[in-house]
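# Remarks on the overall topology
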Amino acid sequence: MNRIVRLDECPQQMQLAADWFSRHWQNDSALYFASMRESLQRKDGVPRWWIVTEEDSIIAGAGVIANDFHQRPDLTPNVCALFVEPAWRGRGLARRLLETIRQDCAEAGIARLYLISDHVGFYEKCGWQFLQKVQENDDRWISMFTILCEGEKK
């Protein structure tokens, strides 16, 4: 049975997780590791990171950071780096992970989350609402979605 782990509660998994995110998003694993280490000092804020494990393997993961490389720093914090291993897709893991993130952030006093993605349609099925197009730091435009962390999903 797979389980969702918040990395600040399981710091021994951080290097493994940083390497896993790096493989899937082509960013330096040191950047992920530094963000994960920072989460140890900020129990009620961002950054925050989660992985989904099956036995000894990471099969999915995501984080919450201040800004996911877009030009709207006022729309914060952002769910980032959501990835589910291809063999595990279609089983509700991303939906479960997003709901866990929303609940954990609500408990930490975070009222609203944002995310950017080209996957229009999927996030709406998970309770997120399209907000607007935003410009990424590389000047491309991408869809931004939002969800309330507390109370009714809007």
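The structure this text deals with has already been given above.
Residues numbered from 1 in each chain as written. Predicted model: local features only at pLDDT ≥ 70, side-chain atom pairs only at ≥ 80, totals over all residues. Heavy atoms only, no water.

## Here we look at the overall build of the protein chain
Quick note on the threshold: Strands here mean DSSP runs of E at least two residues long; helices mean DSSP runs of H or I at least four residues long; both are numbered from the N terminus. Throughout, the radius of gyration refers to the C-alpha atoms, and the reference size of a globule is 2.2 Å times the residue count to the power 0.38. Partly exposed describes any residue whose relative accessible area lies between the buried limit of under 20% and the exposed limit of over 50%, with all areas from a 1.4 Å probe on protein chains only and scaled to the type maximum. Residue-level accessible areas treat just the shown protein chains as cover; the underlying method is Shrake-Rupley with a 1.4 Å probe. Charge counting follows a simple rule: Lys and Arg are positive, Asp and Glu are negative, and His as well as the terminal groups are ignored. Taken as the charge location is NZ of Lys, CZ of Arg, CG of Asp or CD of Glu.
When helices and strands are tallied, the protein chain shows four helices and seven strands. Along the protein chain, from the amino end to the carboxyl end, the secondary structure elements read β-α-α-β-β-β-α-β-α-β-β. Taking 15 Å as the expected radius of gyration for a compact globule of 154 residues, we find that the protein chain reaches 15 Å, a close match to that expectation. Residues counted as buried form 49% of the 154 residues belonging to the protein chain. When the accessible area of the protein chain is evaluated, it comes to approximately 8,100 Å², of which 49% is carbon and sulfur surface. Measuring between centres, the 19 positive side-chain charges of the protein chain sit 4 Å from its 22 negative side-chain charges.

## Some points on the nonpolar core
The following threshold applies: Grouping buried Ala, Val, Leu, Ile, Met, Phe, Trp, Tyr and Cys residues that are joined through side-chain atoms within 4.5 Å yields what is termed a nonpolar core. Note on contacts: a residue pair is in contact if any heavy atoms of the two residues lie within 4.5 Å.
In terms of nonpolar packing, the biggest core is built from 26 residues, with Val64, Val79, Leu98, Ile101, Cys105, Leu113 and Trp128 touching the most fellow members. With seven residues, the top contributor of residues to this core is helix H3 (residues 93-107). Setting aside its immediate chain neighbours within four residues, valine 79 contacts Gly63, Val64, Asp68, Leu98, Ile101, Leu113, Tyr114, Leu115 and Trp128. Residues Ala17, Ile58, Ile65 and Ala81 belong to the second largest nonpolar core, which totals 17 residues.

## Quick notes on unusual backbone geometry
Look at the link from valine 46 to proline 47: it is a cis peptide, with omega at 10 degrees. Residues threonine 76 and proline 77 are joined by a peptide bond in cis, for which omega reads 0 degrees. Within the element layout of this structure, proline 77 appears in the loop between strand S3 (57-65) and strand S4 (78-84). We note that glutamate 55 has phi near 55 degrees; this positive angle belongs to a residue other than glycine.

## Examining the pairing of strand S7 (residues 141-148)
Let me state the cut-off plainly: Any two strands are treated as partners once DSSP identifies two or more bridges connecting them.
Extensive coverage of S7 is indicated by the burial of six of its eight residues. Examined bridge by bridge, strand S5 (residues 112-117) and S7 share six bridges and lie antiparallel to one another. In the strand pairing of S7, leucine 113 is matched with isoleucine 147. Where strand S6 (residues 129-135) lies against S7, six bridges are found, and the strand directions are antiparallel. Bridge pairing in S7 links phenylalanine 130 to phenylalanine 145. Hairpin remark: S6 followed by S7, antiparallel, with five residues in the connecting loop; positive phi at aspartate 139, about 80 degrees.

No statement about biological role is implied by the geometric values presented.
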